[in-house]
Every structure is written in C-alpha cells, then in structure tokens.
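# Report on the structure
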Amino acid sequence: MAASGPADDTGPPSGASPGADGTLRDQLRAAFAGALSGAAADGVFPVATAADMPALLDQVRETADPKFGDFSGTMAMGLAKAAGRKPRDVAVDVAKRLAATPGFDTTFAPPGDPVGPGFINVRVRDEALATAVSAAFVDDRLGVPRVARPETIVIDFSSPNVAKPMHVGHIRSTVIGDALTRILRFRGHRVITDNHLGDWGTQFGMILWGWKHCRDDAAFAADPTAELGRLYRSVRKIADAKPEDLAADPAAAALAARHPGAAEEVLQETARLHAGDEENRRLWQSFMPACLADIERLYRRLDVSFDHWLGESFFQPFLADVVTDLERRGLARESRGAVGVFVDGDDKPPFLVRKADGAFLYATTDLATIRWRLEHWHPDRILYVVDHRQGQHFEQLFKTAHRWGIPGLDRVALVHVAFGTVLGEDGKPFKTRSGDTVGLESLLDEGVERAAAVVAADEGLSDGERRLVAETIGIGAIKYADLCQNRTTDYVFSYDKMLELKGNTAAYMQYAVARVEGVFEKGGIDRMALRRSAPAIVPADPKERALALAILRFGDVLADVEADYRPNLLTTWLYDLAGRYSAFYDSLPILKCPEPERTSRLALADLTGRVLRKGLELLGIGTVRRM
RNA sequence: GCCCCCGUAGCUCAGUGGAUAGAGCGACGGUUUCCUAAACCGUAGGUCGCAGGUUCGAUCCCUGCCGGGGGUACCA
C-alpha cells in the first residue's frame, strides 16, 4: 500500500464551523471596513459610495516581510489627498479607530504607530493564531470558508474537435478548466461543466470527403481515430492547397491533382450533412462512437469529467432560428451573400452567422448555446476557457448576445478565460520533429515514462507501486507546469523542467506530502486518533508560526483565484507552503521532541499534509505516500 | 492598416499603485550520529524594452516609440 492514493483526509466530525467569521484576512478587512466607514461618517475623509469600500479593503494584504507584521493596510495614504491632510495623520486616525473596533483585539495585537508615510501594520496575536490553526485542524474544510452567496457557474472547456485525436493544444483548456471547476465547487458554487465538442463542423466535411475518396479500410478497422485523423489531415492539405504542404506530401499532391474541385466538394459534404443527407448522417453516426471512446479514455487518465457533453451537433436544430431571429430584430443582415451582425460598425468585419453557401458557423452555434444555457440552467456566469487567439470571436459573440436581448442575459457575466499558446523549446508552437502536432496520449506517455526513470531510484517500491507513482508524478508534472504559469502568457513545454524535483513543480509538492507521510509511518502514529483528540496546536517557533499563517491563507488564496480565474495563485501559494513546511521539518524535530510540543507539531504536520493534498486535488493532481 | 497580448537576472518565469523587485535552473559555498539530503541555508547576478506624463510614491496606470507574437468576412 506504500504508493497508494491519498490517506483518508476525513477528519472527525467538526462542531461549529471555525470559518464562520472568515479567514484572518476577512476578519481584518471587516475591522478595517468598520474603521473606515466610521472615519468617513465623521468627515475625516470622503468615501463617496459603499462601492468604494471593496477597493479600499483590497489594500489590506499580507506583508512581504514579517518584520512589518502579518498584514498591512495602505489605503490611508491614498485617502489623505481627498482628506486634505497628511497621509500619516490619516493613518493614525484609522489605526486608532481600528484598535477600537469591536472584536479586533481578540484576534489582532493593537497596531502601533503607522510606519513610513502611513503603513498600518497589524500582527496576529499568538493565542488567536493558535486557536485558528487548531480549529482548522478539526475542520473538514481545513479552515476554508464557503462563499456567502453561491452562484450558478457554467464552465465551457476542453471542447476538442472529435474528428482528430486530442493533441497538445487541448491540454491547457482541459487542465485549467478542470482546476477552476474544482476550486469554484470547493468554494461553494454550483458549477455546471459542459464539454462543447466540435462534432459537426467543416472538419466532418473533410472526413466525409476523405472517406469517400481515399479511405484505408484496414487502417480504420485497426485504429478508427488514427485513420480519421489521417483523412482529416490529408484532405485539409488538399482543400487548403498550399503549395508548400503539397510539395511535402506527394500522395496528397497526387490526390489534389485528380480532384481539382476538392475544396468545393468538401464544403458540399458538410452542407449535405447539415441538410440531413442520409448517407452522410449515417457515416457521421458511425464515426462518433470511436471518436468518443478515444477521448473518454484520455479524460479518465487525466481524471477529468464533465456534467454535460453538449456538442455542436446538439445545437444544430436551433441554428436556423438564431439567424432568422437576428434578422427579424434587425441585428443581422445580408452581406456579400453571407449573413452577419455588424457589431463594430459597417467598416469592420461582421460577426458572420451564416455563410454564403447557407452553412452555419461556430458563431451561430455559440449564440444558440448561450440561449439554451440561459433557458435551462439560469447561470450567473458562463466561463469560456479558450485559447487567447479567439479573443475577437468572444468580443463579438458577447456584444451580439447582449444586443440580441435574450431574457436574463443582462444579469449574466460572460467571461472569456483566455490562455496562451503552448510552445516548444525552440519558442515556436509545440510540434513533433516531423512538424505534426503532438498527440495528447503520447505526450502523457512520455511524461510518465520520464517520471518512471526518476522514481526508479527508490528501492523500497514494487513494480506495481512504481508504475502508479510514475503515472501520478508524470501526469501531475504536466498539469502543474501548465497551471503554475500565468495563464495569459504563452508557455514553453519542457519535460526536463516540469519533472525537476526541486523548484516550483508538482513533484516538489508531492515530495513534501510524502515526507509528512513518512513522519507518521516512522512514528507509528494513529492519525485518526490524533485528529479525534483535537489537540491544541501552539506555533511557538517562528518557523511554526510562518507555517501556520500560510495554512490559514488557504481560503484567501482560493478567493483570489476566483477573482481573476488564475490557478497559478494557488500553485504559488502551495509552493510557498511546501517550502515553509520543509524549513520547519528541517530545523525542528517532531517525533523526538518532548510533549506537549510533540503533539502540537504532529498535528501541524498532519494539517500541512492535508492542506497540501487538498490544494493539489483542487488542481486535479494526485499524491502518493512514498516516492 | 486596424485590434489584442507580451518585453523583468545568463535561461525559464513570478510579482504588486507602496517599504530593499522575487523564485527555479545554471554558477559558487555550507549543512547529514537526527522523522525521505528528491531537502535546507547562504553568495553572486537587475537602467523591470526606451522616452515622456499622472501620483506623496510607478516595474505596475496613461501617451508615444522600438522589438516579438497573435488575430483581422464566410475554419474552429
């Protein structure tokens, strides 16, 4: 069992939720809110509206350096201008009111005189820190509060084109979307995930045309998706008819020479499918099961699941009405034979909803999808986790949707959660040496294989355990590498970097978890008994204190992730947390230390392990007991 | 042409209207009778692309320029 999955993290039934007052930061912000509104009421400075308050409270943050305390408020300096007073005087006033806020002094030490131009520095009382971290220890939610107002949030992510094998281009949407799903759910929102499959577009015209002109039945029988992928790629070359592509592929060039009208015919195949042509419909239905089986296998391996798989084909029956409705409302009009909405004026490219040949586009489908989701799910938000290159599409889509006047749309936030491109180590889009896109499956295989080579160094593991560890480390490394970078920037895909066992990688966090496991295994400690006993954790040493403070930020970090849909804030914090644990573990004995410190430290270690594991779980990353 | 994103240490990248701009890799040095040293601690390394502006304070906000990437009417 050494390398089995995570230990049972279910704590003993906890009593009243310790997170009821929110995190330490929440509590301090509440106190600041009281102090600031009091000062505003007394005319110390004008706070124009209640809407100004959140921005002011955002300026209550963790300090960069412990010598300035645990938190600091910097809003007084900004307010001084409006007050017509010296920043420092305003800060003194706010600090005085802060200290007098009911309940403030049970958790925080009285703020001293403001420092520098007007920093109000606050330190958490040692007793309050001990109480809070001890409460987190017996809390199923590890001290993380639920959101006050849960929302219904639709997350649209992954959405592969089923006509070809999933490739490296799908990984970011899938991994980021899944992490956001897990995080928002844990926060207490109602999340509906929808895999909006590309199962109906022009790509099927290519496959249908290829099937009719150049299929390889034996290859299809052996590996259906590989053959469909081959058909897609070669027909695309023929249809695009780029000289350099054809020069590199004599077979495609020969086919193109025999079928000069191929590009046109491909579009006709698509149109026939959409029009309900019996043969094309039958072929489409015969292709789908193999396509889906392939994709599902990959999702299982990635531990990603969806509530719905409403692909383009599902919305097909609604498309004609979308166009006529837009036309009837005077939003869409004919132009160069096509129909589009001129969202940015007549001189800018319109948002096309029907092509000149009568076929619909993904713009049409996306509009139909928005309407369907509003009618059936009544979401507060819809998130689209999609490549940043589609930014213009979403701008136009959102503008059109809002003008369309779908009931309820004015209350829905439509958000394009954009992310950058995956690049190879040469700085160009990640491709194989032969220039093809890298298949997702082979990508995962290589990651696992490389992880196995590293894990092999541990002699205490059986072959089966090693395989499991390698799978967990390898997949975790790939996911983490994707999540730990700011999602808006392109990132360079490097197995060597993501599988480093030090630095900001999944393996470093997984290793920290394994070291926690090691303590309890070595000491023969009954963790469930420890948890039931609800011991007092007393962070006496500065390293324990730093660790405890980081643990208690978990809820803050998840709130910050939600605010900007940025999972990398969670990875940064996990890395910081693991580092603080390592520093604690390295310098302070746990098993060999006398009571009552021993139990306190054991509890702190156990809590750290659970928090790290939970944090990784929220990223979709697993852990092992030994590695 | 127009629109969007990016430019931070040798490399890969964080970062925020605030206090001395951080981390990993790479380089150099230290720590092991002790719970996983796959760790920890330290040193070196920066005109935060350039120039203006706003501000008590700008790497962050605004404008211009330079450089890189992406998008830009019937693919998604």
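Residues numbered from 1 in each chain as written. Chains lettered and ligands numbered in written order. Predicted model: local features only at pLDDT ≥ 70, side-chain atom pairs only at ≥ 80, totals over all residues.

Attention now moves to the sheet that holds strand E10 (residues 413-419). Adjacent strands of a sheet form backbone hydrogen bonds with each other and so pair up, either parallel or antiparallel. A sheet is described by the order of its strands in space; here four strands give the open sequence E5-E4-E9-E10, paired in parallel fashion. In the strand order of this sheet, the two ends are held by strand E5 (190-194) and E10, each with one partner. Across the sheet, the mean angle separating the axes of adjacent strands is 20° when strand polarity is ignored. Strand direction decides the pairing type here: strand E4 (residues 152-156) and E5, joined by five bridges, are parallel. Pairing of Asp156 across the sheet is with Asp194, part of E5. (Pairing = 2+ DSSP bridges. Helix = DSSP H or I, 4+ residues; strand = E, 2+ residues; numbered from the N terminus. Axes fitted to C-alpha atoms, helices over the stretch in contact; angles between N-to-C directions.)

Looking now at the sheet that holds strand E3 (residues 120-122). The antiparallel open sheet is built from three strands, whose spatial order is E1-E2-E3. In this open sheet, the two edge strands, each paired with only one partner strand, are strand E1 (60-62) and E3. The sheet shows a mean angle of 25° between the axes of neighbouring strands, direction not considered. Two elements, E1 and strand E2 (residues 71-73), share three bridges in a ladder whose sense is antiparallel. Across the sheet, Arg61 pairs through a bridge with Ser72, a residue of E2. Together, E1, E2 and E3 form the strand contacts of helix H1 (residues 24-41), whose direction differs from that of E1 by roughly 150°. (Contact = placed C-beta atoms within 7 Å.)

Right, let's talk about the protein's contact with RNA strand B for a bit. Of all residues adjacent to RNA strand B, which total 73 residues, the nearest are Met77, Lys355, Lys502, Gly503 and Gly518. The set of elements that each furnish at least two residues to the surface near RNA strand B consists of helix H3 (75-83), strand E7 (338-341), helix H18 (391-404), helix H19 (440-455), strand E12 (491-492), helix H22 (506-523) and helix H26 (568-587). It is H22 that contributes the most residues to the surface near RNA strand B, eight residues altogether. Taken together, the residues of the surface near RNA strand B sort by class into 32 nonpolar, 27 polar and 14 charged. (Near = placed C-beta within 6 Å. Nonpolar A, V, L, I, M, F, W, Y, C, P; charged D, E, K, R; others polar.)

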